[in-house]
Every structure is written in structure tokens, then in C-alpha cells.
Amino acid sequence: MLDSLIVPLFVTTDLPPEAELAEFGELLAETTRVLGRDEPGYEAFLAGKVFWLDRPVLPEQLPPAEGELRFAGMLGYLAASGAGHTTREVVGDVRRAIGAAVTSRYGDVGVAPAVFAIRDQDVRERTPENALYVDTRDAAAELVSATKSYL
């Protein structure tokens, strides 16, 4: 069995109005495939659900103003391979990777994505039923099975 650390995560960011939720989820999942500052880094697997966190609006306020940013979120689990990782280190590596990927794909939307560890219970209780499932494709089988037991 591969040594791994499982971290429940919450990711939030602003996205341009034309952004697609599925594409955002895929970007998060594929960005976290290899993490770490040093080469070659360490393998990781992200599984979770993405959803829109749009502001509540009254019927007379619809549709939202053209060009208004949309707020997206992801709740899920990240498995980091290898021994000796701390949650703080892994979350920092995920934050850097996701921040760079979101900026590269969507440009500067004003604020870097927020990425932080949360309680396992929060992932289960707060994930909307209509959220879209995403995960890192073709990840190490050991990381996938370790993470799937949490889903």
C-alpha cells in the first residue's frame, strides 16, 4: 500500500461569466496530479464535486449583470502520495498549483482562489446534491482507492 495523506478540501474562486463548470472542475482535478516545489514532486489525486455559489438574487434582479463574475466552489478530497507530508504543506502546494492554473486559464479575476483544508464532515454535509463530480484521470490506483473510501 502506498503511503498517502488524505486532505478534505474546499476551493473557491471567481470565474468569468462565460466559464463552464465542468471545465473548471477538470482544471482543478488535472492541476493537482503532481504537486510540490521540488522536482519531480509527488503524485496526488483529487476527487470532489464542483458547483456554482452564485449570490442570491431577487427575481427582479435576474438576469445577472452582463460581465459579472461568477463564484464557483469545489468540495472534495485530495490524496497526496509519500510519507512525511503535512496537511499545511499539501494545502500550500495545492493552493500554488490551482492559483497558477486558474490565472493561466481565466486570466486575473482579481483575487487568487481560496484553497483550504476543512473537516471531513463538512464535505459530506455541505456538498450540494446537484454538484458535478470530477476527479484526476488516470491517477495512481492506490491513491484512487484510498480517496474513494471517503466519498
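Above this text is the structure in question.
Quick notes on the rules
- Residues numbered from 1 in each chain as written.
- Predicted model: local features only at pLDDT ≥ 70, side-chain atom pairs only at ≥ 80, totals over all residues.
- Heavy atoms only, no water.
- Phe/Tyr/Trp six-rings, centres within 6.5 Å; stacked < 30°, edge-to-face > 60°.
- Helix = DSSP H or I, 4+ residues; strand = E, 2+ residues; numbered from the N terminus.
- Buried < 20%, exposed > 50% of the residue type's maximum accessible area, 1.4 Å probe, protein only.
- Lys NZ or Arg CZ within 6 Å of the ring centre and 35° of its normal.
- Core = buried A, V, L, I, M, F, W, Y, C linked by side-chain atoms within 4.5 Å.
- Contact = heavy atoms within 4.5 Å.
- Pairing = 2+ DSSP bridges.

Engineer: Mind showing me how you'd approach the packing of aromatic side chains here?
Structural biologist: For any pair of aromatic rings, geometry is given as the distance between the ring centres together with the angle between the planes. A full pass over the atoms with the stated rule returns 2 aromatic pairs. Look at phenylalanine 10 and phenylalanine 116: their rings are 5.4 Å apart centre to centre, the planes differ by 85°, and that puts the pair in the edge-to-face class. With a gap of 106 residues between them, phenylalanine 10 in strand β1 (residues 4-15) and phenylalanine 116 in strand β5 (residues 114-117) connect regions that are remote in the sequence. A ring pair is formed by tyrosine 77 and tyrosine 150, whose centres lie 5.4 Å apart and whose planes are at 35°; its orientation type is tilted. One end of the pair, tyrosine 77, is in strand β4 (residues 70-81); the other, tyrosine 150, is in the segment after α4 (141-148), with 73 residues separating them in the sequence. You can call tyrosine 77 buried: its relative accessible area is 2%. Positioned over the ring face of tryptophan 52 is arginine 70, at 3.9 Å from the centre of the ring.

Engineer: I tried to follow the nonpolar core on my own but got confused; where do I start?
Structural biologist: Here is a general trend for soluble globular proteins: nonpolar side chains tend to be buried in one another's company. Formed by 28 residues in total, the largest nonpolar core has its most connected members in Leu9, Phe24, Leu28, Leu78 and Val94. Secondary-structure elements contributing two or more residues to this core are β1, α1 (21-31), β3 (42-52), β4 and α2 (87-106). Element by element, the count of residues in this core is highest for α2, at 8 residues. Ranked by size, the runner-up nonpolar core spans 15 residues in total, among them Phe45, Phe51, Ala139 and Ala146.

Engineer: So what exactly am I meant to see when it comes to the side chain of aspartate 93 here?
Structural biologist: Along the chain, aspartate 93 turns up in helix α2. Setting aside chain neighbours within four positions, we find aspartate 93 in contact with Leu35, Gly36, Arg37 and Tyr42.

Engineer: Can you walk me through the pairing of β3 in this structure?
Structural biologist: Here is the key point about a regular strand: its side chains alternate between the two faces of the sheet. Counting buried positions over the 11 residues of β3 gives 8, a clear majority of the element. Relative to β3, strand β2 (residues 34-35) runs antiparallel, the two sharing 2 bridges. Considered in β3, the bridge of valine 34 is made with glutamate 43. Between β2 and β3, which follow one another and run antiparallel, lie 6 residues, and glycine 36 among them has a positive phi close to 115°. Relative to β4, β3 runs antiparallel, the two being bridged by 9 bridges. Its bridge partner being in β4, lysine 49 is matched across the sheet by leucine 75. Where β3 lies against strand β6 (residues 132-135), 4 bridges are found, and the strand directions are antiparallel. Of the residues in β6, the one forming a bridge with valine 50 is leucine 132.

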